[in-house]
Amino acid sequence: MQFQKTPGWLDWYQGPSQPRFKLPAGAVDAHCHVFGPGEEFPYAPERKYTPCDASKQQLFALRDQLGFARNVIVQATCHGADNRALVDALLHSDGKARGVATVRRDVSDEALQAMHAAGVRGVRFNFVKRLVDFTPKDELMEIAGRIAKLGWHVVIYFEAVDLPQLWDFFSGLPTTVVVDHMGRPDVSKPVDGPEFELFLKFMRDNPNVWSKVSCPERLSLSGPKALDGEQAAYRDVVPFARRVVEEFPDRVLWGTDWPHPNLKDHMPDDGLLVDFIPHIAPTAELQQKLLVDNPMRLYWPEQVKG
Ligand SMILES: O=C(O)/C=C(\CC(=O)C(=O)O)C(=O)O
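Keep in mind the model is a prediction, meaning the values are calculated, not measured. (Residues numbered from 1 in each chain as written. Predicted model: local features only at pLDDT ≥ 70, side-chain atom pairs only at ≥ 80, totals over all residues. Heavy atoms only, no water.)

Colleague: Could you give an account of the site of the ligand, naming the residues involved and the relevant values?
Modeller: Around the ligand, 16 residues are found, and the nearest of them are H33, Y49, T77, R124 and Y157. T77 is positioned with one of its side-chain polar atoms (N or O) 2.7 Å from an oxygen atom of the ligand. D257 has a polar side-chain atom sitting 2.7 Å from an oxygen atom of the ligand. Notes on the ligand: free accessible area 350 Å², of which the protein chains cover 100%. (Near = heavy atom within 4 Å. Polar contact = N/O pair within 3.5 Å; in protein donor to acceptor, adjacent residues only side chain to side chain. Areas by Shrake-Rupley, 256 points an atom, 1.4 Å probe, with all protein chains shown as cover.)

Below is the structure:
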């Protein structure tokens, strides 16, 4: 099927620079997507955007160039609950990718088992209104109960202003819970102000909650952008991400978010995004946890010794 990209769509950055920051051996890009290709894996009818294609081969080439060993591929809303592109990428990854799917209440146990065999280890619940239609919480809780039995976890995506009303639902989830992009803080507000404090309290009160400290390019308001060799990109996001990394070093993950859906302003150079990491995880010990130990414990526990 032929698809027309959403008007104004920014395609992912071609020819990213070689990062100056040397990733630790075994580093995991724990948040990235595959899109289509639409001809092979059509985008979902209920999607809110139509992206450019971003294939598994292109993702694996980026992984190798940047120096990552593994990927965690997260189902994006443009594929709805049709996880075929995700599963295909996992099956062709030589065991170097695991996945987070989107499922509906009607998913069969056989389908869940097949996804597990392919490497899916979580489901994503998306509460960002521009991306998805509302799903009733009882349906999500039912799904969470079923996937908990497989040892999977729940990834949640929401915006900071919505945390108070979602708090009780999130706190009741029976699995490890991973928050995408620190719950999308408004970084024009102070890092020690009430909004971000509420997020930190959410993590303190719920020891099963982890956070991705990813997507500075999405959260930043003042830049500078990760382009043209910039080594100090997205300064306004640094205090937020660093705060989470330093307070919860064993519950943080990092990912590129390639191919960066729905960015409106610019498309970052992924090599320079990797150079952002030491600004938020300044020591080798924090980097090892963020990039290797934590994602391995969550996604490849059978390969973790001890
Ligand atoms: O890539 C991300 O994590 C963020 C997205 C897209 C998304 O989540 C989706 O389509 O599922 C966004 O903020 O538009």
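Colleague: Break down the nonpolar core for me, with residues and values.
Modeller: Looking at soluble globular proteins, one finds that nonpolar side chains tend to be buried together. Formed by 104 residues in total, the largest nonpolar core has its most connected members in F125, I156, F170, M182, V213, V244 and W254. For this core, the element with the highest residue contribution is helix 11 (residues 284-299), accounting for seven residues. (Core = buried A, V, L, I, M, F, W, Y, C linked by side-chain atoms within 4.5 Å. Buried < 20%, exposed > 50% of the residue type's maximum accessible area, 1.4 Å probe, protein only. Helix = DSSP H or I, 4+ residues; strand = E, 2+ residues; numbered from the N terminus.)

Colleague: If you had to explain the packing of aromatic side chains to someone new, which residues and values would you point to?
Modeller: The relation between two aromatic rings is expressed through the spacing of the ring centres and the mutual angle of the planes. By the definition in use, this model includes 15 aromatic pairs. Ring plane angle 70° and centroid distance 5.4 Å describe the contact between F127 and F170, whose orientation is recorded as edge-to-face. Here the residue F127 occupies a position in the loop between strand 4 (120-126) and helix 4 (137-148), and F170 occupies one in helix 5 (residues 163-171), the gap between them amounting to 43 residues. On the accessibility criterion, F127 (14% relative accessible area) is buried. By way of ring pairs, the aromatic residues F127, F158, W167, F169, F170 and F202 are connected into one cluster. Lying over the aromatic face of W300, R70 brings its terminal NZ or CZ to 5.1 Å of the ring centre. (Phe/Tyr/Trp six-rings, centres within 6.5 Å; stacked < 30°, edge-to-face > 60°. Lys NZ or Arg CZ within 6 Å of the ring centre and 35° of its normal.)

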